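Notes for the structure review
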Amino acid sequence: EPEVTQTPSHQVTQMGQEVILRCVPISNHLYFYWYRQILGQKVEFLVSFYNNEISEKSEIFDDQFSVERPDGSNFTLKIRSTKLEDSAMYFCASTGPSITGELFFGEGSRLTVL
Amino acid sequence: SQQGEEDPQALSIQEGENATMNCSYKTSINNLQWYRQNSGRGLVHLILIRSNEREKHSGRLRVTLDTSKKSSSLLITASRAADTASYFCAPLPLSNFGNEKLTFGTGTRLTIIP
């Protein structure tokens, strides 16, 4: 069964460093998302991406964050200068071409900022 | 977008019993989806019910939808230890299709006691 894959599964970084989290969505999907979950809290929307541009972003997704789909298969989330509060699980999800909105999530990348 | 509000926040039952979780939402929807999250893992789509449907079954899952009350329920019959997880409802708003983001609440934490 097709699945969304994410790498790395766990990354430890120093505050102020740049981090890139990678995702390979399901191949025929058209809509891509990043969510994050701080330990013990709810899953929060960060950004949605469609047709090679951001569709919507949350207040969390400030100038330190960026996304791109560089090669038609990978979908990346970059955090330019990490802060302690960026420590969280980051989930990639994809959907489409169906309009039902059913999301397929990856297993997540755990980011620990020291 | 809108999030669903799940109730109860936590539920503990004996293995073999049925578990019922409820969801309320605020605005008109295209469909409503239920997801499961095992601790530290990605969300997994369980079942989707369209706004013109009142009940849907999938294996041991039964979902109901009452659009007049803006509420849904998820019933898991003959529970198993492996059903221990957090469960989230996610309403897909009527105003958008396809790339609308799903927003998640705090969920119902279900614990099955062996």
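Right above here is the structure, for reference.
Residues numbered from 1 in each chain as written. Chains lettered and ligands numbered in written order. Predicted model: local features only at pLDDT ≥ 70, side-chain atom pairs only at ≥ 80, totals over all residues. Heavy atoms only, no water.

As for the sheet that holds strand S3 (residues 19-24) of chain A
Residue and element names in this part refer to chain A.
- Read from one edge of the open sheet, four strands run S1-S3-S8-S7, paired in antiparallel fashion. Every other strand in the sheet has two partners, leaving strand S1 (5-7) and strand S7 (65-68) as the edge strands with one partner each. Strand-to-strand twist in this sheet, taken as the mean axis angle between neighbours without regard to direction, amounts to 15 degrees.
- Both S1 and S3 contribute to a ladder of three bridges, which runs antiparallel. If you follow glutamine 6 over to S3, its bridge partner there is cysteine 23. (Pairing = 2+ DSSP bridges. Helix = DSSP H or I, 4+ residues; strand = E, 2+ residues; numbered from the N terminus. Axes fitted to C-alpha atoms, helices over the stretch in contact; angles between N-to-C directions.)

Concerning the pattern of salt bridges
- Applying the stated criterion to the full structure yields five salt bridges over all chains.
- Here glutamate 56 of chain A ties to lysine 101 of chain B by a salt bridge, and the two come within 2.5 Å at their closest N and O atoms. Linking glutamate 56 of chain A in strand S6 (residues 53-57) with lysine 101 of chain B in the loop between strand S9 (85-93) and strand S10 (108-113), this pair reaches from one chain into another.
- Between aspartate 83 of chain B and arginine 60 of chain B there is a salt bridge, with the nearest N and O atoms lying 2.9 Å from each other. Here aspartate 83 of chain B is found in the loop between strand S8 (71-76) and S9, whereas its partner arginine 60 of chain B is found in the loop between strand S6 (55-58) and strand S7 (61-66), with 23 residues between them in sequence. (Salt bridge = Lys/Arg side-chain N within 4 Å of Asp/Glu carboxyl O.)

Thoughts on the interface of chain A and chain B
- Taken together, the contact pairs 20 residues of chain A with 22 residues of chain B.
- Taken together, both faces of the contact between chain A and chain B bury some 1900 Å²; the carbon and sulfur share is 53%.
- The tally of links between chain A and chain B comes to two salt bridges.
- Taken together, the links from chain A to chain B amount to eight residue pairs in polar contact (both at pLDDT 80 or more).
- When contributions to the side of chain A that touches chain B are tallied by element, the ones reaching two or more residues are strand S4 (31-37), S6 and strand S9 (88-95) of chain A. (Contact = heavy atoms within 4.5 Å. Buried area = accessible area lost by both parts, 1.4 Å probe. Polar contact = N/O pair within 3.5 Å; in protein donor to acceptor, adjacent residues only side chain to side chain.)

Re the pairing of S6 of chain B
All names here are of chain B.
- The sheet contact formed by S6 and S7 spans four bridges and is antiparallel. By the bridge assignment for S7, lysine 56 is matched with valine 63.
- Connecting S6 to the antiparallel partner S7 that follows it, the hairpin turn spans two residues, and glycine 59 within it adopts a positive phi of roughly 60 degrees.

Focus on the state of the cysteines
- One pass over the structure, following the stated rule, counts two disulfides over all chains.
- Linked covalently through their sulfurs, cysteine 23 of chain A and cysteine 92 of chain A form a disulfide whose S-S length is 1.9 Å. Looking along the S-S bond of the cysteine 23 of chain A-cysteine 92 of chain A disulfide, the torsion reads about -65 degrees, which is the left-handed sense. Taken together, the residues cysteine 23 of chain A in strand S3 and cysteine 92 of chain A in strand S9 connect sequence positions 69 residues apart.
- Across the disulfide from cysteine 23 of chain B sits cysteine 89 of chain B; the S-S distance is 2.0 Å. Between cysteine 23 of chain B and cysteine 89 of chain B the sulfur-sulfur dihedral comes to about 75 degrees; the bridge is accordingly right-handed. One end of the pair, cysteine 23 of chain B, is in strand S3 (residues 19-24); the other, cysteine 89 of chain B, is in strand S9, and 66 residues separate them in sequence. Side by side, cysteine 23 of chain B and cysteine 89 of chain B carry an identical accessibility label, which is buried. (Disulfide = S-S within 2.5 Å. Buried < 20%, exposed > 50% of the residue type's maximum accessible area, 1.4 Å probe, protein only.)

No statement about biological role is implied by the geometric values presented.
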